[in-house]
Amino acid sequence: MKEKNNHISQNGSIGVFDSGVGGLTVLREIARALPNEDCVYLGDTARLPYGNKSRDTVTKFALKNSSFLVSLGIKFLVIACNTAASAGLDAVKESFDVPTTGVIKPEARRAATATRNGKVGVIGTRSTIASGAYELAIHQHDSGITVHSRPCPLFVPLAEEGWFEEDVTRLVAERYLMDLINEGIDTLVLGCTHYPLLKKVITETVGRDVALVDSAVPIAREVKDTLKSMGMLRDVNRRRRLTYYVTDDPKIFTQVGESFLGFPLDDVRHVDIAV
Ligand code: DGL
C-alpha cells in the first residue's frame, strides 16, 4: 500500500538523502541547476556506512529516510546514495506517491553514451557492486557493452578523512584500478557519492583517456527535466532555503560536509528516525 501524499505542491522542496555527507556532492549540483528550489537533505549518519550492509537492511533504511522526507511535504525525492539506490529504489517507488529517482540510472545512461570501445568500468561499495544494478542499467541502453565492476570500499574513509591527494590514496587507487585498466576500459563510472572527491588521483591512475562519469550532473539534469515536464518548477525569484537533517551528531556532519561542499552548512538539525 502506498503512503499517500495528497499535498504535493509546486512550492514543496526537493528531498535528497544519503547515508551521510557524500550525497552533498549531488545536492550541490541540484542546487546549482535549480537555483529557485528549496531543498531538504537528510544524512543518515547514525546508520552509516551503508556500503557493507545487506540489501534488506539498506532497503529498510531507505524506506525510513523516504518516509521522513515525504512527511515534510517534498515534491520530488532523490536517492543520492548509490548503495541505497541500488538496493531500495524500487521499494521506495512502490511505497510512496512522490516522484522518485536514484543516482544509478542517469549515470548508467551517460556511461553507455560515453564509451567508444564498449568497455565500461564500474566502481562502488561492496553492496552496490554485488547488486549488479549498474550492469543492468547499462545493458538496458546497450546490451553489447562489457561491464567490468570492482568494489573499492577504502575510498569512502579516505574521502571522509579529506585525503584527496595523499600517497596512501594513490596506492589504494592503483591496487583497486589496475585490473580495470588492464581490461582496456575507456569509461569509468564513479558509482559512489564519495568517489568524485578522489577524481584527481583516479584520473592520474587510469589515465586521461578514460572518461570518468559521476552521478551529480546527470541526476541534477534529470530532476530539472522531470520537474519541468510535470509543470512543477517553482517560477518565483526568491531566496531559497537549503535545510539539512542528520540522524547523528550535527557537528561532525557540518565539519566533514563543509569540506565536501566548500561552503558553510548553516542550520544542520538532528532528527531521530527509529528503524
Ligand atoms: N553513500 C554511500 C554510497 O554512495 C557511500 C557511503 C556508505 O557506505 O554509506 O554508496
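Definitions and limits used
Each residue is numbered by its place in its chain's sequence as written, counting from 1. Side-chain atom pairs in this predicted model are given and counted only at pLDDT of 80 or more, local residue features only at pLDDT of at least 70, and totals for whole chains, interfaces and linings cover all residues. Side-chain metrics rest on all non-hydrogen atoms present in the structure, leaving aside hydrogens and water. For helices the rule is a DSSP run of H or I covering at least 4 residues; for strands it is a run of E covering at least 2, with both sets numbered from the N terminus onward. To estimate the expected span of a helix, count its residues, drop one, and scale the result by 1.5 Å. Here's how the labels work: a residue is buried when its accessible area is under 20% of the maximum for its type, exposed when over 50%, partly exposed in between, all with a 1.4 Å probe on protein chains only. Throughout, a residue-residue contact means that at least one pair of heavy atoms, one from each residue, lies within 4.5 Å. When a carboxyl oxygen of Asp or Glu is within 4 Å of a side-chain nitrogen of Lys or Arg, the pair counts as a salt bridge. Pairing between strands is defined by DSSP: at least two bridges between the two strands are required. With axes taken as lines fitted to C-alpha atoms, and helix axes fitted only over the stretch in contact, angles between N-to-C directions fall between 0 and 180 degrees.

Asks: Could you clarify how one ought to interpret helix α10 (residues 216–229) in this entry?
Replies: One turn of an α-helix holds 3.6 residues; hence residues three or four places apart share an orientation. The end-to-end C-alpha separation of α10 is 20 Å, in line with the 20 Å expected for 14 residues at 1.5 Å each. All of the buried residues in α10 are Ala216, Pro218, Ile219, Ala220, Glu222, Val223 and Leu227. Each element contacted by the buried residues of α10 is listed here: β1 (14–18), α1 (24–33), β3 (76–79), β4 (100–102) and α4 (104–114). Within two residues after α10, glycine 231 carries a phi angle of roughly 70°, on the positive side.

Asks: What is the right way to look at the side chain of threonine 193 in this model?
Replies: Relative to the elements of secondary structure, threonine 193 occurs in the loop between β7 (187–191) and α9 (199–206). By relative accessible area, which is 5% here, threonine 193 ends up buried. The residues contacting threonine 193, other than those within four sequence positions of it, are Asp18, Gly22, Gly23, Thr25, Ala80, Cys81 and Asn82.

Asks: Could you clarify how one ought to interpret the pattern of salt bridges in this entry?
Replies: When the charged atoms of two side chains with opposite charge come close together, those side chains can pair. Enumeration over the complete set of coordinates arrives at twelve salt bridges. Of the charged contacts, one joins aspartate 186 and arginine 116 as a salt bridge, the two residues approaching to 3.9 Å between their closest N and O atoms. Note that aspartate 186 is positioned in the loop between α8 (167–182) and β7 and arginine 116 in the loop between α4 and β5 (119–124), a separation of 70 residues in sequence. According to the relative accessible area criterion, arginine 116 is exposed, its value standing at 63%. A cluster of three or more residues bridged by salt bridges with shared partners is formed by Glu165, Arg170, Lys200 and Glu204.

Asks: Could you clarify how one ought to interpret the sheet that holds β7 in this entry?
Replies: The strands making up a sheet associate through backbone hydrogen bonding, with each pair oriented either parallel or antiparallel. One open sheet accounts for four strands, arranged β6-β5-β7-β8; its pairing is parallel. Strands at the two margins of the open sheet, each flanked by one partner only, are β6 (146–151) and β8 (211–213). Averaged over all pairs of adjacent strands, the angle between strand axes in this sheet comes to 20°, irrespective of strand direction. Pairing analysis gives six bridges linking β5 to β6, with the strands arranged parallel. The partner of isoleucine 123 across the bridge, within β6, is arginine 150. Packed onto the sheet, helix α6 (residues 133–141) meets β5, β6 and β7 and runs at close to 160° relative to β6.

In short, the description is geometric, and any link to function would need to be established separately.
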